[in-house]
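# Observations on the three-dimensional arrangement
So the chains spell out like this:
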Amino acid sequence: MLPLDRQNEYRNRYRALNPGWQASGDVYERLVRDSISPQTRLLDLGGGRGGLIERIRRDIGLAAALDPDLEALLDHRASAVCRLWG
């Protein structure tokens with residue numbers, strides 16, 4: 001897997017070449033934000049190292065990630081997220 005900073009570099013280069021292009025993660029985040037509140041409890045199936053939860057965790061009541069890859073969960077970028085494995 002490419003490091004996040006490299007992924008973002010490629011996204012920015014593509015965006016510069018294709019004005020109006022939006023990364024799927026940005027589109028997904030907007031859709032989710034329309035449905036959350038401070039009382040929201042979120043279970044991220046396939047949570048891996050982060051993703052959407054790291055962007056919205058401060059705006060919801062509880063976030064938990066479930067992933068079969070323990071190493072990925074232990075390296076989750078949103079350290080405040082409950083990590084479920086087993």
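Look up: the structure comes first, before these words.
Report follows, based on the coordinates. It should be emphasised that the depicted structure is a prediction, and the values quoted were computed from it without experimental measurement.

## Describing the overall build of the protein chain
On a plain count of helices and strands, the protein chain comes out with four helices and three strands. Seen in sequence order, the protein chain has helices and strands lined up from the N terminus as α-α-β-α-β-α-β. Counting contacts in the protein chain only where the partners sit at least 6 residues apart, residues at least 24 apart contribute 25% of the total. Carbon and sulfur atoms make up 53% of the accessible area of the protein chain, which amounts to about 6200 Å² in all.

## Re the pattern of salt bridges
Any two side chains of opposite charge can pair if their charged atoms end up close together. Within this structure, the stated rule accounts for seven salt bridges. Between Arg13 and Glu9 there is a salt bridge whose closest N-O contact spans 3.7 Å. In this pair, Arg13 and Glu9 both sit in helix H1 (residues 4–17), four residues apart, roughly one turn of the helix. Of the charged contacts, one joins Arg33 and Glu29 as a salt bridge, the two residues approaching to 2.9 Å between their closest N and O atoms. Here Glu29 and Arg33 lie together in helix H2 (residues 24–33), a separation of four residues that amounts to about one turn.

## Comments concerning the packing of aromatic side chains
Applying the stated criterion across every chain yields a total of one aromatic pair. Aromatic pair Tyr14 and Trp21: ring centres 5.1 Å apart, planes at 75 degrees, arrangement edge-to-face. Judged by its relative accessible area of 28%, Trp21 falls in the partly exposed class.

## What to know about the environment of Leu42
The topology assignment puts Leu42 in strand S1 (residues 41–45). Sequence spacing of Leu42 and Ile60 is 18 residues, and the spatial spacing of their C-alpha atoms is 7.8 Å. When near neighbours in sequence (up to four residues on either side) are disregarded, Leu42 contacts Ile53, Ile56, Ile60, Leu62, Ala63 and Ala64.

## As for the side chain of Asp44
Mapped onto the secondary structure, Asp44 falls in strand S1. Contacts of Asp44, omitting those with residues within four sequence positions, involve Gly50, Ile53, Ala64, Ala65 and Leu66.

Basis of the calculations
Residues numbered from 1 in each chain as written. Predicted model: local features only at pLDDT ≥ 70, side-chain atom pairs only at ≥ 80, totals over all residues. Heavy atoms only, no water. Helix = DSSP H or I, 4+ residues; strand = E, 2+ residues; numbered from the N terminus. Contact = heavy atoms within 4.5 Å. Areas by Shrake-Rupley, 256 points an atom, 1.4 Å probe, with all protein chains shown as cover. Salt bridge = Lys/Arg side-chain N within 4 Å of Asp/Glu carboxyl O. Phe/Tyr/Trp six-rings, centres within 6.5 Å; stacked < 30°, edge-to-face > 60°. Buried < 20%, exposed > 50% of the residue type's maximum accessible area, 1.4 Å probe, protein only.

Read these as spatial facts, not as claims about activity.
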